[in-house]
Amino acid sequence: MSATSSDPRADVVVIGLGVSGLSCAIEAAERGARVTVVEASTGPGGTAAGAGGGTCIPGSALQARLGIEDSVDLALEDWIAWGGGSVDVEWAERYLTASGGLIFDGLAARGVRWISVHPHEGNRVPRWHRPQGGGKRVMALLNEHARSLPGITWLYGWRARELVRVGGRVGGVLAARGDSTTEILAPAVVVATGGFNNSAALVTRHTPRARGAERVLLGGGTGATGDGVALLEAVGAQFTELDAVWMYPYGTPDHLQPDSGRGLAVRGVDGEIWVNDDGNRFHDESLRGGAAGTDALLAQPRGRAWSVFDAATAAHLVIADPRYLVGNETIRPRVQEFLRDSPHVRSASSLGELAAAMDVDRGNLASAVADMNRAIAAGLAEDPVFHKPLRGLPAILEPPFYAVRLHPLARKNLGGVRTDLDCRVLDEGDRPIDGLYASGEVAGMAGGRINGRAALEGTAFGPSLFSGVIAGRSALG
Ligand SMILES: Cc1cc2nc3c(=O)[nH]c(=O)nc-3n(C[C@H](O)[C@H](O)[C@H](O)COP(=O)(O)OP(=O)(O)OC[C@H]3O[C@@H](n4cnc5c(N)ncnc54)[C@H](O)[C@@H]3O)c2cc1C
């Protein structure tokens, strides 16, 4: 193994170049600092480059244009009510207050177009803002800006292995690439390595609520390996709510990577019903977020279910994965291949045959579909059993019929390393560890647990960007 020592003139070293690390590097470089960034993969972007980039912003100009009345106070009330007692209220309020200027206007000034606003569970008004081109375009624009700044040294393909202690403080990082290692020293080190939802070991360890489930699929970004947890643990950092893993109930195994443990998010199937292994419905399928939807799924035998729909609904199926999308457009032939080839999908020309292929009770499945169809045909506003709103929903009528196997999909870490309001990492005694900062998902997006235990949605990308900016500022002292 060869060892090199680094440029000794860095003021800040940033580990990880997702939205948080990149924002941190930009902020520090704009303030004149010499920044070295260490990224394990071959390019910038991290999780956001494959994400929606949807962002919770209260009181934006776009909301106003659409006639949506919103405010920081209203959003903060929703945030606290939804996230429960462990919400970091100070961080949440700071984020919500800053989001209009820093994120809505700030990203617009870099070329981002905010194109629509959507509702999500827990929000009294729609406030999830969609950027055109998703997270990929936002990250490309941020990267373009970062590249124009002097003072940033880019180290791609280098994986941080250890935080280096210098005279009783953290003063650098040891990184490795293949057989080579390098030590990068700086008076401030920012850990922005993202979450751990691409680590089977960490997801298994930290999802006790899913113990009864057959499996939990990995759905974080591919760089979300959880390295930051080990780096920070080794220097005595304090963690909070690591078990607040935000899981969605609509994951299905990625059959093209059968040994990876990874899942695909199945969306767009409004005309579906969910049935458990007995063939019975168990939930209002419109409540498909990480709170009610996942609780309902985990309460079923083996914590799994089937999504059942017909050919008409299949035409709208979206698989939220880069292989199946160009921008926001679905690559239809690939979805057809998925429906045809995945061993986790069943299809049949009758419901009886489908029940046999799913190995569920034929009578139960037939009743579940018939009850739903009857309620829709009668023009009911909601289904009488689980109160799913029915307006505009299609009945399940047109063969072939499909069933897609659903498991919980671990997507985001709402908990992480604890920091103070300056992103300084705290030890077990609540004391800042000198020289050490953390931002983004490794810090539960900001501070350790800005969301508490449930997310309003759009509350990962924005807060990760925000805490990156704060870290970039604070790291300069
Ligand atoms: C499919 C998907 C869709 C999503 N959609 C949304 C959305 O619409 N809205 C929203 O708010 N949130 C969304 N999220 C969550 C959000 O994108 C992330 O929480 C956010 O991007 C995290 O940013 P980050 O910079 O903290 O971490 P990341 O973007 O994960 O970046 C961490 C970086 O650190 C690097 N790294 C890791 N370990 C090391 C190491 N040892 N050495 C060097 N580098 C290392 C990784 O390679 C990676 O590039 C989504 C997540 C997923 C998976």
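Just so we're clear, the structure is a prediction, and the values are computed from it rather than from any experiment.

## Some remarks on the pattern of salt bridges
- Under the counting rule described, the total for this entry stands at 28 salt bridges.
- Between Arg-323 and Glu-337 there is a salt bridge whose closest N-O contact spans 3.3 Å. One end of the pair, Arg-323, is in the loop between β18 (318–319) and β19 (325–326); the other, Glu-337, is in helix α10 (residues 332–341), and 14 residues separate them in sequence.
- When its relative accessible area of 30% is taken as the criterion, Arg-323 is described as partly exposed.
- What makes Glu-337 partly exposed here is its relative accessible area of 30%.

## Some words on the nonpolar core
- Within the largest apolar cluster, 69 residues are counted, with the highest numbers of intra-cluster contacts made by Val-35, Trp-79 and Leu-107.
- Those residues in contact with Trp-79 that lie beyond four places of it in its chain are Cys-56, Val-87, Ala-92, Tyr-95, Leu-96, Ile-450, Asn-451, Leu-456, Thr-459 and Pro-463.

## Focus on the site of the ligand
- Looking at the ligand, there are 39 residues lining it, with Glu-39, Thr-47, Asp-227, Glu-441 and Phe-461 nearest.
- Note that a nitrogen atom of the ligand is positioned 2.8 Å from one of the backbone N or O atoms of Gly-54.
- Measuring from a nitrogen atom of the ligand, one finds a backbone N or O atom of Ala-160 at 2.9 Å.
- At the level of elements, α1 (19–30), β3 (35–39), β8 (159–166), β22 (401–413) and α13 (461–474) are the ones that each hand at least two residues to the shell around the ligand.
- Its residues assigned to classes, the shell around the ligand comprises 14 nonpolar, 19 polar and six charged.

## Some thoughts on the packing of helix α3 (residues 72–83) against helix α4 (residues 89–109)
- Where α3 contacts α4, the axes come no closer than 10 Å and their chain directions differ by 145 degrees. Pair α3 / α4 crosses with right-handed handedness. Residues Val-72, Ala-75, Leu-76, Trp-79 and Ile-80 of α3 touch α4, and the partners they reach there are Val-89, Ala-92, Glu-93, Tyr-95, Leu-96 and Thr-97.
- A class-by-class count of the residues in the contact of α3 with α4 yields nine nonpolar, one polar and one charged.

## Digging into the sheet that holds strand β6 (residues 128–131)
- What the three strands build is an open sheet, ordered β4-β6-β5; its pairing is antiparallel. The open sheet has two edge strands, β4 (55–56) and β5 (114–118), and neither has a second partner.
- Pairing of β4 with β6, which is carried by two bridges, proceeds in the antiparallel orientation. If you follow Thr-55 over to β6, its bridge partner there is His-129.

## Here's the deal with the packing of aromatic side chains
- With the rule as written, the count across this model stands at 10 aromatic pairs.
- Judged by centre distance (5.8 Å) and plane angle (10 degrees), the ring pair of Phe-104 and Trp-114 falls under stacked. With Phe-104 in helix α4 and Trp-114 in strand β5, this residue pair connects regions lying 10 residues apart in the sequence. Residues Phe-104 and Trp-114 agree in their burial class; the two are buried.
- On the basis of an interplanar angle of 10 degrees and a centroid distance of 5.3 Å, the ring pair of Tyr-248 and Tyr-250 is categorised as stacked. For the pair Tyr-248 and Tyr-250, a shared accessibility class is recorded, and that class is buried.
- By the ring-pair criterion, three or more aromatic residues cluster together here, those being Trp-79, Trp-91, Tyr-95 and Phe-466.
- Stacked on the ring of Trp-154, the Lys or Arg Arg-147 has its end atom at 4.2 Å from the ring centre.
- Directly above the ring of Trp-306 sits Arg-405, whose terminal nitrogen or CZ lies 4.1 Å from the centroid.

What counts, and where the lines are drawn
Residues numbered from 1 in each chain as written. Predicted model: local features only at pLDDT ≥ 70, side-chain atom pairs only at ≥ 80, totals over all residues. Heavy atoms only, no water. Salt bridge = Lys/Arg side-chain N within 4 Å of Asp/Glu carboxyl O. Helix = DSSP H or I, 4+ residues; strand = E, 2+ residues; numbered from the N terminus. Buried < 20%, exposed > 50% of the residue type's maximum accessible area, 1.4 Å probe, protein only. Core = buried A, V, L, I, M, F, W, Y, C linked by side-chain atoms within 4.5 Å. Contact = heavy atoms within 4.5 Å. Near = heavy atom within 4 Å. Polar contact = N/O pair within 3.5 Å; in protein donor to acceptor, adjacent residues only side chain to side chain. Nonpolar A, V, L, I, M, F, W, Y, C, P; charged D, E, K, R; others polar. Axes fitted to C-alpha atoms, helices over the stretch in contact; angles between N-to-C directions. Left-handed = near helix turned anticlockwise from the far one by under 90°. Pairing = 2+ DSSP bridges. Phe/Tyr/Trp six-rings, centres within 6.5 Å; stacked < 30°, edge-to-face > 60°. Lys NZ or Arg CZ within 6 Å of the ring centre and 35° of its normal.

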